Every structure is written in structure tokens, then in C-alpha cells.
Amino acid sequence: MPWDFRPDIPIYTQLIDQIQRQMVTGQLAPGDRLPSVRDLATQAGVNPNTMQRALTELERRSLVYSQRTSGRFVTEDGTVIQKLKEDTARTQVRDFLAGMAQLGLTLDEILTLIQTEGEPI
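About the cut-offs
- Each chain has its residues counted from 1, following the order in which its sequence is written.
- Given that the model is predicted, a residue must reach a pLDDT of at least 70 before its local features are reported, and side-chain atom pairs must reach 80 or more before they are shown or counted; all residues, however, enter totals for whole chains, interfaces and linings.
- By convention in this description, side-chain values take in all heavy atoms of the structure and omit both hydrogens and water.
- We count a stretch as a helix when DSSP gives it H or I for four or more residues in a row; a strand needs E for two or more, and each element gets its number in order from the N terminus.
- With C-alpha atoms as the basis for the radius of gyration, the globule rule is written as 2.2 Å multiplied by the number of residues raised to the power 0.38.
- Accessible area is worked out with a 1.4 Å probe on protein chains only. A residue is then buried under 20% of its type maximum, exposed over 50%, and partly exposed in between.
- Contacts between residues were defined by any pair of non-hydrogen atoms, one from each residue, lying within 4.5 Å.
- Positive charges come from Lys and Arg, negative ones from Asp and Glu, while His and the chain ends are left out of the count.
- Every charge is mapped to an atom, namely NZ of Lys, CZ of Arg, CG of Asp or CD of Glu.
- By definition, a salt bridge exists where a carboxyl oxygen of Asp or Glu is found within 4 Å of a side-chain nitrogen of Lys or Arg.
- Points on a 1 Å grid over protein atoms alone make up a cavity when a 1.4 Å probe fits among them but cannot get out, and a pocket when they form an open set with protein on both sides within 12 Å along at least five of seven lines; lining residues each have an atom within 4 Å of a point.
- Grid points are joined across faces, edges and corners, and a volume is the space filled by probe spheres set on the points.
- Residues are grouped as follows: Ala, Val, Leu, Ile, Met, Phe, Trp, Tyr, Cys and Pro are nonpolar; Asp, Glu, Lys and Arg are charged; every other residue, Gly included, is polar.
- In this scheme Phe, Tyr and Trp rings, the latter by its six-membered ring, pair at centre separations within 6.5 Å, and the angle between planes marks the pair as stacked below 30 degrees, edge-to-face above 60, and tilted otherwise.
- Only Lys NZ and Arg CZ are tested; either one counts as a charge over a ring when it is within 6 Å of the ring centre and within 35 degrees of the ring normal.
- Residues with no salt bridge and a relative accessible area higher than 30% make up the patches, which join like charges within 9 Å and nonpolar side chains (Val, Leu, Ile, Met, Phe, Trp, Tyr) within 5 Å.
- Using a 1.4 Å probe, the Shrake-Rupley method yields the accessible areas, and only the shown protein chains count as cover for residues.

1. Structural notes on the overall build of the chain
Reasoning step 1: Helices and strands together make up the secondary structure of the chain, namely 5 helices and 2 strands.
Reasoning step 2: Shown N-terminal to C-terminal, the secondary structure of the chain runs as helices and strands in the order α-α-α-β-β-α-α.
Reasoning step 3: Taking 2.2 N^0.38 as the reference for a compact globule, 121 residues should give roughly 14 Å; the C-alpha atoms of the chain span a radius of gyration of 18 Å, well beyond that estimate.
Reasoning step 4: When its C-alpha atoms are laid out on the principal axes, the chain stretches across 55 × 35 × 20 Å.
Reasoning step 5: In the chain, which comprises 121 residues, the share counted as buried stands at 26%.
Reasoning step 6: The long-range fraction of contacts in the chain, counting pairs at least 24 apart against all pairs at least 6 apart in sequence, stands at 48%.
Reasoning step 7: Side-chain charges of the chain comprise 13 positive and 16 negative groups, with the mean position of each set lying 10 Å from the other.

2. Some remarks on the pattern of salt bridges
Reasoning step 1: Applying the stated criterion to the full structure yields 6 salt bridges.
Reasoning step 2: Of the charged contacts in the structure, one is a salt bridge between D87 and K83, with a shortest N-O distance of 2.8 Å. Taken as a pair, D87 and K83 lie in helix α4 (residues 78-102) at a separation of 4 residues, close to a single helical turn.
Reasoning step 3: Among the residues examined, D87 registers a relative accessible area of 31% and is labelled partly exposed.
Reasoning step 4: We classify K83 as partly exposed; its relative accessible area is 49%.
Reasoning step 5: Because the salt bridges share partners, they merge into one network encompassing E57, R60 and R61.

3. Quick look at the layout of surface pockets
Reasoning step 1: Looking at the largest pocket, its volume works out to about 210 Å³.
Reasoning step 2: If you go around the largest pocket, the residues you meet are D17, Q20, R21, V24, D87, T88, T91, Q92 and D95.
Reasoning step 3: At the level of elements, α1 (11-25) and α4 are the ones that each hand at least two residues to the lining of the largest pocket.
Reasoning step 4: Ranked by the residues each element gives to the lining of the largest pocket, the list is headed by α4, at 5 residues.
Reasoning step 5: Tallied by class, residues from the lining of the largest pocket come to 1 nonpolar, 4 polar and 4 charged.

4. Remarks on the packing of aromatic side chains
Reasoning step 1: Considering all chains together, one arrives at 1 aromatic pair under this definition.
Reasoning step 2: Centroid distance Y65 to F73: 5.7 Å. Interplanar angle 20°. Geometry classified as stacked.
Reasoning step 3: With relative accessibility at 27%, the residue Y65 sits in the partly exposed group.
Reasoning step 4: Geometry around Y12 places R53 over its ring, the cationic atom sitting 3.7 Å from the centre.

5. Remarks on a nonpolar patch on the surface
Reasoning step 1: A contiguous nonpolar surface patch, about 500 Å² in accessible area, is contributed by V93, F96, L97, L107, L111 and I114.
Reasoning step 2: Every element with two or more residues in the nonpolar patch is listed here: α4 and α5 (107-117).
Reasoning step 3: With respect to the secondary-structure elements, F96 resides in helix α4.

These results come straight from atomic positions and should not be treated as a statement about function.
This is the structure we're talking about:
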């Protein structure tokens, strides 16, 4: 996955978001072993300390766990990943609705637009 960073958001926050997105989309499956901090930092083009900070936060959120001699792994708890997926979806819906409101659209207009333009998933 290409790492893409915006200048207006802290890098470690973006790393967290991008790794979480990989979990939600299945690019990182439950139980997958993550590359080492140094390897991930090299892939992303960031300082290893920045990557360590992101991974520590993911551990705090119970999305990854460490095994002393084996490295870090994606949680095997499907409910944690499902909750992350639902939270991510809610955030995207809120952002979408806020953008539509800025355009001056009502909820009914938004729903009509979704029904006419949206394709089934």
C-alpha cells in the first residue's frame, strides 16, 4: 500500500489511520504479523520513532498486540475490528453529510441523490 501523507495532520495520526484502514478492508487480516517497526518506517518513509508511536497507540486501542520474541500482530478479536469498521463508517457518513450540508442540500435531497446516483454495493 502506498503511504500518502497530508502536511496538515500529524504523521503518526495518519499512520494510525492508514493501518486501521488496512485492518478494516482486510488488507491486514486478524492474526497477521506486522513487519518490524524499522521495516514499516522504511516503507512509509518516516522516522522509526514516529512509527513506534503509531504502533504503541494501536496497541493501546487493542488493535494490535505484541509477543516478546515474535513481533506485533493484528488482533484476532473480530468484534474489535468490526467496531473499528462501524466507527470508521460512521465518521465517513458524518463527513459526507457535513459536506452535503455545506452545499445547502437537505436530508431529503441527499437521500434522493443517493437513490438516483448510488450503485448497489
